[in-house]
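Chain by chain, the residues:
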Amino acid sequence: MQKNWWKECVVYQIYPRSFMDSNGDGIGDLGGITQKLDYLKELGVDVVWLSPVYQSPNDDNGYDISDYRAIMEEFGTMEDFDQMLSQAHSRGIKIVMDLVVNHTSDEHAWFVESRKSTDNPYRDYYIWRQPVDGKEPNNWGSCFSGSAWQFDEQTQMYYLHLFSKKQPDLNWDNRNVREEVFAMMNWWLDKGIDGFRMDVISLISKDQTFPDGEPGINGYASFNEAANGPRVHEYLQEMRREVLDGRDTLTVGECSGVTLEEAKKYARSDGRELNMVFQFEHMDVDADGSNKWSEKRMALKDLKTVMTKWQNGLQDIAWNSLFWENHDQPRSVSRFGDDGKYWEQSAKMLAVCLHMMQGTPYVYQGQELGMTNVPFVDITQFRDLDSINAYRELTQKGVFTEEEMMRRLRLKSRDNARTPFQWDDSEHAGFTTGEPWIMVNPNYKQINAASQINREDSVFSFYKKLIRLRKEQEVIVYGTYELLLAEDEDLYVYTRTLGKERLLVVCNFSDHTKIFALPQGWHADRCTCLIGNYADAAADSSMPIRPYEAFVLKEVSQS
């Protein structure tokens, strides 16, 4: 297998609004990130992926961009950005920017022009269609509830917005749009950034017939109807030629609606498109059909099936990205673990399970502390457009009562991951001296960085050890994966093999003890324990696996 630095690195995602506030206005900023670079250096991460910091009216927290070459005023200035980039690089940390080019803000200069008239030079920068039978051109729904089409009085036509109505979709079939995007990407790379995480990049090419799709819980077809469109690979290969060739970058595409076969094209090892993709199949194991606002608990067998499909399916063909959390997902220890009695054990177990797989691990801010979901009590405490819109729509339609919807938001809302980073046990968790833009999780006095950094058995120290192991053990990065005990409903067990070295990874996803026997061909006297989340983990031919226990055994072949 070809070796690359981006296969061997660990990426840390920063959501700037919630990471660290340096000026007391209650909003995280670039100065705050610069202040905390030593913390990231201590953790051992190699790359920081920044959620958008571009100029934006903030309808969707920066994912609605009005100027791609300016910094959001709340986050600081371009000088602040340059300082952060320089300071990161001086510590050996690379910076990857969020590239949001499926859509812009409706306040972007291109769209301001586009909506003026049907013959405006910028009209074709966006997707405009005539009404069909007096209504929307098709039944596609927005990711944020309601129709994906907005009627515009000025020209009596609809424009497409797969997200908020303030996020009109760009028309990638227009060569001028592509050239503008490529020029902007080159501008940032010339500034010295190290790559891009590409927001919903699988949606940029639309089927020009705009067919109806299967309606979901709210009566509209999923925004994913547009995924993997007819020219998406053509456009990404053009991006490779015009921007990325000859530059040593990390590129990861957020590919909602991606299939395994499509992923092999996006992240192919011949380097013609992207290094890797984010797929979301494992994020749907606790969904209820098309209803993501489910209270269903994940069945481990389903998770193992999905993860194994991607591990084996991309082996030697493409590369996996590994994540449990990001700014769009709830906290993993609350979702897949136990944020009560076994909080610390399950936070560590989830880390072992993910970081030992083949692929590049992504750590979302606070995950390395075991930050949990938030006990929101009222809809007024939410800031996330998706959560607020879904609450209104699904309660007004009678799908859920207000109490039922609040329960579901506490489980699944994106705001669970967006509350301020918990730095210490001082007021507002040390995030700001002002009033935070969103509430702080009240458990910050128990869960915070200051209490964990110097404690050897903390979740932070455990992540630090996992990241170090990845740099020391080539088998973790490049070894092949094999699932064992596929039918076990509590244990996730798999091996990694590279040459004469092999690892046995054992993770208990339950709150009870399980008896486990070493698989045939494994010998306790030849194994060493690389890492475990209970202090006394050791290899034995038959052993009890305690609640949420995880350990990794390494065996070197005697032959």
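As shown above, the structure is provided for reference.
Cut-offs applied
- Residues numbered from 1 in each chain as written.
- Predicted model: local features only at pLDDT ≥ 70, side-chain atom pairs only at ≥ 80, totals over all residues.
- Heavy atoms only, no water.
- Salt bridge = Lys/Arg side-chain N within 4 Å of Asp/Glu carboxyl O.
- Helix = DSSP H or I, 4+ residues; strand = E, 2+ residues; numbered from the N terminus.
- Buried < 20%, exposed > 50% of the residue type's maximum accessible area, 1.4 Å probe, protein only.
- Pairing = 2+ DSSP bridges.
- Lys, Arg positive; Asp, Glu negative; His and termini not counted.
- Polar contact = N/O pair within 3.5 Å; in protein donor to acceptor, adjacent residues only side chain to side chain.
- Contact = heavy atoms within 4.5 Å.
- Axes fitted to C-alpha atoms, helices over the stretch in contact; angles between N-to-C directions.
- Parallel < 35°, antiparallel > 145°, perpendicular 65-115°, else oblique.
- Left-handed = near helix turned anticlockwise from the far one by under 90°.
- Phe/Tyr/Trp six-rings, centres within 6.5 Å; stacked < 30°, edge-to-face > 60°.
- Lys NZ or Arg CZ within 6 Å of the ring centre and 35° of its normal.

Draft legend 1. Molecular detail of the pattern of salt bridges. Under the counting rule described, the total for this entry stands at 47 salt bridges. A salt bridge links Arg197 to Asp98; the nearest nitrogen and oxygen atoms lie 2.7 Å apart. With Arg197 in strand β9 (residues 195–198) and Asp98 in strand β5 (residues 94–99), the pair connects residues that are 99 residues apart, well separated along the chain. When sorted by exposure, Arg197 lands in the same class as Asp98, which is buried. A salt bridge links Arg197 to Glu254, with the nearest nitrogen and oxygen atoms 3.1 Å apart. Taken together, the residues Arg197 in strand β9 and Glu254 in strand β10 (residues 250–254) connect sequence positions 57 residues apart. In this structure, Arg197 and Glu254 share a single accessibility class: buried. Put simply, Asp60, Asp328, Asp384, Arg414 and Arg418 are held in one network by salt bridges that share partners.

Draft legend 2. Region of interest: the sheet that holds strand β8 (residues 157–160). The sheet built from three strands is open, its strands ordered β6-β8-β7 with antiparallel pairing. Looking at the sheet topology across the chains shown, the edges are occupied by β6 (128–129) and β7 (149–152). Here β7 runs beside β8; their pairing, made up of four bridges, is antiparallel. In the sheet register, Asp152 faces β8, and the bridge partner there is Met157.

Draft legend 3. Representation of the side chain of Arg470 within the structure. Of note, Arg470 is situated in helix α15 (residues 459–472). For the buried Arg470, no salt bridge is present, and the opposite-charge side chain at shortest range is Asp46, 6.7 Å distant. Within the local environment of Arg470, its side chain forms a polar contact with the backbone oxygen of Lys7, the two atoms lying 3.0 Å apart. Among the polar contacts made by the side chain of Arg470, one reaches the main-chain carbonyl oxygen of Gly359 at a distance of 2.5 Å. Beyond its immediate chain neighbours, meaning those up to four positions away, Arg470 contacts Lys7, Glu8, Cys9, Val10, His355, Met357, Gly359, Thr360, Pro361, Ile476 and Val477.

Draft legend 4. Region of interest: the packing of helix α13 (residues 385–396) against helix α14 (residues 402–412). Two elements in contact, α13 and α14, have axes whose closest approach is 10 Å; the angle formed by their N-to-C orientations is 150°. Considered as vectors, α13 and α14 are oriented roughly antiparallel to each other. Crossing handedness for the pair α13 and α14: right-handed. In contact with Ser387, Ala390, Tyr391, Leu394 and Thr395 of α13, α14 contributes Glu402, Met405, Met406 and Leu409.

Draft legend 5. Structural detail: unusual backbone geometry. Residues other than glycine seldom take positive phi values, yet Asp316 does so here, at roughly 65°. Among the secondary structure elements, Asp316 is positioned in the loop between α10 (300–314) and β12 (321–322). Unusually for a residue other than glycine, Ala429 sits at a positive phi of about 60°. Position of Ala429 among the secondary structure elements: in the loop between α14 and α15. Relative accessible area serves as the criterion here: at 0%, Ala429 is assigned to the buried category.

Draft legend 6. Main features of the pairing of strand β1 (residues 11–14). Residues Val11 and Gln13 line one face of β1 and the alternating positions Tyr12 and Ile14 line the opposite face, and both faces are buried. Where β1 meets strand β13 (residues 360–364), three bridges bridge the pair, whose relative direction is parallel. Bridge pairing links Val11 to Tyr362 in β13. As paired elements, β1 and strand β2 (residues 47–50) share four bridges and run parallel to each other. What sits directly across from Val11, in β2, is Val47.

Draft legend 7. Fine view of the side chain of Thr308. Among the secondary structure elements, Thr308 is positioned in helix α10. In this structure the side chain of Thr308 is engaged in a polar contact, spanning 2.7 Å, whose partner is the backbone oxygen of Lys304. Among the polar contacts made by the side chain of Thr308, one reaches the side chain of Tyr481 at a distance of 2.7 Å. With residues near it in sequence (within four places) discarded, Thr308 still touches Gly313, Tyr481, Leu483 and Tyr492.

Draft legend 8. Structural view of the sheet that holds strand β14 (residues 480–484). Within the open sheet, the five strands sit side by side as β14-β15-β16-β20-β18. Their pairing is antiparallel. On the outer flanks of this sheet lie β14 and β18 (527–532), each paired with one strand and no other. Pairs of neighbouring strands in the sheet enclose a mean axial angle of 20°, with direction left out of account. Across five bridges, β18 lies against strand β20 (residues 550–556) in antiparallel orientation. The residue bridging Gly532 from the neighbouring strand is Phe551, located in β20. Sitting on the sheet, helix α12 (residues 343–355) is in contact with β15 (491–498), β16 (501–508) and β20, with an inclination near 145° to β16.

Draft legend 9. Molecular detail of the environment of Val477. Relative to the helices and strands, Val477 resides in helix α16 (residues 474–478). Considering only alpha carbons, one finds Val477 and Glu8, 469 residues apart in sequence, at a separation of 6.1 Å. Once residues within four sequence positions are removed from consideration, Val477 is found in contact with Lys7, Glu8, Trp319, Gln358, Arg470 and Arg496.

Draft legend 10. Looking closely at the packing of aromatic side chains. In this structure the tally under the stated criterion is 37 aromatic pairs. Ring centres of Phe81 and Trp188 lie 5.1 Å apart, and the angle between their planes is 75°; on these two criteria the pair is classed as edge-to-face. Of this pair, Phe81 sits in helix α5 (residues 78–90) while Trp188 sits in helix α7 (residues 175–191), and the two are 107 residues apart along the sequence. Exposure remark for Phe81: the relative accessible area of 0% places this residue in the buried category. Relative to Phe210, the ring of Trp140 has its centre 5.4 Å away and its plane inclined at 55°; by these criteria the two rings are tilted. Taken together, the residues Trp140 in the loop between β6 and β7 and Phe210 in the loop between β9 and α8 (232–244) connect sequence positions 70 residues apart. When its relative accessible area of 1% is taken as the criterion, Trp140 is described as buried. Each member of the aromatic cluster is reached from another via a ring pair, and the members are Tyr54, Tyr68, Phe81, Trp110, Tyr122, Tyr125, Trp187 and Trp188. A cation over an aromatic ring shows up here: Lys36 above the ring of Trp423, its NZ or CZ 4.2 Å from the ring centre. Here the guanidinium or amino end of Arg502 rests over the ring plane of Trp522, the centre of that ring lying 4.1 Å away.

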